[in-house]
Amino acid sequence: MSLDKSTKDEITKKYQLHEKDTGSADVQIAILTERISELEEHLKEFPHDNQTRLSLLKHVGQRRRLLAYLNSTDTPRYQQLIKKLGLRK
């Protein structure tokens, strides 16, 4: 149920800040967003899968912390990222 390498590579290429960027907050948030959407789809099909529900909550919390960090360090980049990902306001 995890993301395959090709999907992660596509997301990384789309959201990286420079050529060798693989772990910036932008990339991590984008990967977590994709993973969260996959977990949501899984839970729609299997609503009693509590292990997946806990994993979803863990990923949502991690993404929230990364977004808070990005907002406190570089607000314009934060605004651009949430607009690109379709999150929030």
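Look up a bit, the structure's there.
Just so you know, these numbers come straight off a predicted model, no measurement behind them.

Cut-offs applied
Residues numbered from 1 in each chain as written. Predicted model: local features only at pLDDT ≥ 70, side-chain atom pairs only at ≥ 80, totals over all residues. Heavy atoms only, no water. Helix = DSSP H or I, 4+ residues; strand = E, 2+ residues; numbered from the N terminus. Salt bridge = Lys/Arg side-chain N within 4 Å of Asp/Glu carboxyl O. Buried < 20%, exposed > 50% of the residue type's maximum accessible area, 1.4 Å probe, protein only.

Some points on the environment of P76
Alright, step 1. The residue P76 is located in helix 4 (residues 75-85) in this model.
Alright, step 2. Expressed as a C-alpha distance, the spacing of P76 and L43, which sit 33 residues apart in the sequence, is 34 Å.

Details of the pattern of salt bridges
Alright, step 1. A full pass over the atoms with the stated rule returns 4 salt bridges.
Alright, step 2. Across the salt bridge formed by K5 and D9, the nearest N and O atoms sit 3.7 Å from each other. Taken together, the residues span about one helical turn, with K5 and D9 both in helix 1 (residues 5-15) at a distance of 4 residues.
Alright, step 3. The class for K5 is exposed, based on a relative accessible area of 63%.
Alright, step 4. For the salt bridge of D74 with R77, the shortest nitrogen-to-oxygen distance reads 3.7 Å.
Alright, step 5. Judged by its relative accessible area of 22%, R77 is partly exposed.
Alright, step 6. Here the residues in one salt-bridge network are D26, D74 and R77, joined through shared partners.

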